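Spelled out from the first residue to the last, the chains are:
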Amino acid sequence: MPKDQKELINEITTILHKLTDIGLSEIHTLCERQLEIEQLVNAFHRDRDDTQD
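Fair warning: this is a prediction, and the values are worked out from it, not measured in the lab. (Residues numbered from 1 in each chain as written. Predicted model: local features only at pLDDT ≥ 70, side-chain atom pairs only at ≥ 80, totals over all residues. Heavy atoms only, no water.)

Student: An account of the overall build of the chain is needed here, citing residue identities and associated values.
Tutor: Check the secondary structure of the chain and you find 1 helix and 0 strands. Once the C-alpha set of the chain is aligned to its principal axes, its extents read approximately 75 × 10 × 5 Å. Where the 6 positive side-chain charges of the chain centre and where its 12 negative ones centre are 9 Å apart. (Helix = DSSP H or I, 4+ residues; strand = E, 2+ residues; numbered from the N terminus. Lys, Arg positive; Asp, Glu negative; His and termini not counted. Charge placed at Lys NZ, Arg CZ, Asp CG, Glu CD.)

Structure representation (structure tokens):
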């Protein structure tokens, strides 16, 4: 494999790894937000149930 082609593949691989890291970070953030939303919804239901008693 010519050196230029090998360097190009290495650069593409590096970019793909960076994109994967960004993607995993975004997924982690979305999971945190989902947990926060679930906690708010649960608190809302508890409050609503408390007022109905």
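Once you've had a look at it, read on.
Student: Give a description of a nonpolar patch on the surface that names residues and reports values.
Tutor: On the surface, a nonpolar cluster with roughly 580 Å² of combined accessible area is contributed by L8, I12, I15, L16, L19 and I22. Within the fold, I12 resides in helix α1 (residues 3-52). When its relative accessible area of 43% is taken as the criterion, I12 is described as partly exposed. (Patch = residues over 30% accessible without salt bridge, like charges linked within 9 Å, V, L, I, M, F, W, Y side chains within 5 Å. Areas by Shrake-Rupley, 256 points an atom, 1.4 Å probe, with all protein chains shown as cover. Salt bridge = Lys/Arg side-chain N within 4 Å of Asp/Glu carboxyl O. Buried < 20%, exposed > 50% of the residue type's maximum accessible area, 1.4 Å probe, protein only.)

Student: Hey, could you go over the environment of L35 for me, with residue numbers and the actual values?
Tutor: Positionally, L35 belongs in helix α1. Spatially, the C-alpha atom of L35 lies 43 Å from that of K6, the residues being 29 residues apart in sequence.

So far we have only geometry, and geometry alone does not tell us how the molecule works.
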